[in-house]
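# Notes for the structure review
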Amino acid sequence: MNRINKNVILALLTLTSSAFLLFQLYYYKHYLSAKNGAGLSKSKGSRIGFDSIQWRAVKKFIMLTSSQNVPVFLIDPLILELINKNLEQVKNTSHGSTSECNFFCVPRDFTAFALQYHLWKNEEGWFRIAENMGFQCLKIESKDPRLDGIDSLSGTEIPLHYICKLAMHAIHVVVFHERSGNYLWHGHLRLKGNIDKKFVPFRKLQFGRYPGAFDRPELQQITVDGLEVLIPKDPVHFLEEIPHSRFIECRYKEARAFFQQYLDDSTVEAVAFRKSAKELLQLAAKTLKKLGVRFWLSSGTCLGWYRQCSIIPYSKDVDLGIFIQDYQSNIISAFQDAGLPLKHKFGKVEDSLELSFQGKDDVKLDIFFFYEETDHMWNGGTQAKTGKKFKATNGSTARCGQQLLQKSRGL
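First, a word on scope: everything that follows refers to the structure included in this document.

Conventions and cut-offs
- Residues numbered from 1 in each chain as written.
- Predicted model: local features only at pLDDT ≥ 70, side-chain atom pairs only at ≥ 80, totals over all residues.
- Heavy atoms only, no water.
- Helix = DSSP H or I, 4+ residues; strand = E, 2+ residues; numbered from the N terminus.
- Buried < 20%, exposed > 50% of the residue type's maximum accessible area, 1.4 Å probe, protein only.
- Contact = heavy atoms within 4.5 Å.
- Areas by Shrake-Rupley, 256 points an atom, 1.4 Å probe, with all protein chains shown as cover.
- Pairing = 2+ DSSP bridges.
- Expected span 1.5 Å × (residues − 1).
- Salt bridge = Lys/Arg side-chain N within 4 Å of Asp/Glu carboxyl O.
- Polar contact = N/O pair within 3.5 Å; in protein donor to acceptor, adjacent residues only side chain to side chain.
- Core = buried A, V, L, I, M, F, W, Y, C linked by side-chain atoms within 4.5 Å.
- Phe/Tyr/Trp six-rings, centres within 6.5 Å; stacked < 30°, edge-to-face > 60°.

### Observations concerning the overall build of the chain
Within the chain, the regular secondary structure consists of eleven helices and 16 strands. The buried share of the chain, reckoned over its 411 residues, is 44%. Considering only contacts within the chain whose residues lie at least 6 apart along the sequence, 66% involve residues at least 24 apart. For the chain, the computed accessible surface area is about 23,000 Å², with 53% contributed by carbon and sulfur atoms.

### Some points on the pairing of strand β2 (residues 110–116)
Among the seven residues in β2, seven count as buried, and that is most of the element. Of the two faces of β2, the one lined by Phe110, Ala112, Ala114 and Gln116 and the one lined by Thr111, Phe113 and Leu115 are each fully buried. Pairing analysis gives three bridges linking strand β1 (residues 72–74) to β2, with the strands arranged antiparallel. Looking at the pairing, valine 72 lines up with leucine 115 of β2. The pairing of β2 with strand β5 (residues 169–179) spans seven bridges and is classified as parallel. Its bridge partner being in β5, threonine 111 is matched across the sheet by isoleucine 171.

### Considerations on helix α2 (residues 53–67)
For α2, built from 15 residues, the straight-helix expectation of 21 Å at 1.5 Å per residue is met to within 8% by its first-to-last C-alpha distance of 21 Å. Three or more residues of α2 are buried, namely Gln54, Trp55, Ala57, Val58, Phe61, Ile62, Leu64 and Thr65. Elements in contact with the buried residues of α2: β1, β2, α5 (123–132), β4 (157–166), β5 and β9 (227–232). One or two steps after α2, the chain reaches asparagine 69, where phi turns positive at roughly 55 degrees.

### Considerations on the pattern of salt bridges
A full pass over the atoms with the stated rule returns 13 salt bridges. Measuring nitrogen to oxygen at the nearest pair gives 3.0 Å for the salt bridge that ties aspartate 144 to arginine 146. Through salt bridges with shared partners, one network takes in Lys275, Glu279 and Lys360.

### Describing the side chain of aspartate 144
Locating aspartate 144 in the fold gives a position in the loop between β3 (136–143) and β4. In terms of polar contacts, aspartate 144 uses its side chain to reach the side chain of arginine 146, at 3.0 Å. Residue contacts for aspartate 144: discarding those within four places in its chain leaves Thr156 and Ile158.

### Some thoughts on the environment of histidine 244
In this fold, histidine 244 is placed in the loop between α6 (235–241) and α7 (252–261). Looking at histidine 244, the relative accessible area reads 56%, which means it is exposed. For histidine 244 and alanine 213, which are 31 residues apart along the polypeptide, the C-alpha to C-alpha distance reads 8.9 Å.

### Focus: the nonpolar core
Here is a general trend for soluble globular proteins: nonpolar side chains tend to be buried in one another's company. Residues Ile75, Ile83, Phe104 and Trp126 are the most contacted members of the largest nonpolar core, which totals 50 residues. Setting aside anything within four residues of it in sequence, one finds tryptophan 126 in contact with Phe61, Leu64, Thr65, Gln68, Val70, Trp120, Tyr162 and Cys164.

### Focus: the packing of aromatic side chains
This structure, assessed with the given rule, holds 20 aromatic pairs. Ring centres of phenylalanine 258 and phenylalanine 259 lie 5.4 Å apart, and the angle between their planes is 75 degrees; this geometry places the pair in the edge-to-face category. Relative accessible area serves as the criterion here: at 22%, phenylalanine 259 is assigned to the partly exposed category. Considering the side-chain rings of tyrosine 327 and phenylalanine 369, the 5.6 Å spacing of their centres and the 75 degrees angle between planes classify their relative orientation as edge-to-face.

### Examining the pairing of β5
Along β5, ten of the eleven residues are buried, which leaves the element largely enclosed by surrounding structure. As defined by bridge partners, β4 adjoins β5 across six bridges and the pair is classed as antiparallel. Residue pairing for β5: isoleucine 163 is matched across the bridge by histidine 172. The turn linking β5 back onto strand β6 (residues 183–186) is made up of three residues, and glycine 181 within it adopts a positive phi angle of 110 degrees.

It is worth stressing that arrangement in space is one thing and function is another; only the former is reported here.
Written out as structure tokens, the structure is:
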């Protein structure tokens, strides 16, 4: 009898335990998972993925910047690429209508935003409020390179980067400064001695390894994963700029020393020429950009940038360099369509090609084509009056041109 009672009791306990386990599984599937957005089904009302630390950090950052009128826009390459692939779908998504997190929930260490510093009104207040909201923020400053050599201003520091960490995710705010020429510049992220090198995995940052420059983007507001953000209106163009955005600053300190020794030409004629030359350079850059042709400052124009951060007023022309392998047969017609008639054509594609176009106010555009050999690079030239040919091999023009194949907008 005792044995039967023990077996009955054991069976009842087993049945009770099984029933309780089934109840737990049912409760988790139909209540907890739906509540946390991690359900297996996409039933109406479910919010899939919105519990990720990445989305929560971005949401809190957008709440912060919106409430404090901080002029930021999204520049994160990974997220922009995903948005661009689904741009029409994203544009047709209204605030709060999405049920699944597809972009900001992607696993990553950082989300990058750009801050337009020239539009910012309340820097200190924003920083304090961010910390009150739970962010741990790091501010990185450095000297403004344009003030180098001015004794009273050369030590002035400007904000370059903010990194705000929430839990295990960080927001990288890249500070974009307005520069003459209608472009935006950001500085190099250099860690000073007092900065905790383990604050975030700095090596994984997409921006800050070197100074960069970008065309000023037109912005559009869209809803991404239920959050309203600004992005470049042409995300493809912005993404294409990133690999070529490295900025080479001109040598302001040496330029000021040069003008202390040799007075700058500030005559009416010199000022007018510089203005016309810059306009011609901008037109040439726009034309070559449409063709997808790489170019750099060459000869006297490159020397002016390197030596005095300007255009040499007595040079009377603008010089550019292009690799011969980037030559296109429609390059002449493209410049003519831009209002620059062909003045001279010397050499041929196989040897010493040089093109010369006539700009306004008698300012000429000279394009030299560079040829790469096994152990050196050279370009040819022809004197217009005499027809005499010459060849420059591995000279200062080539070295300057190679440097300026990186982006430089210091003129």
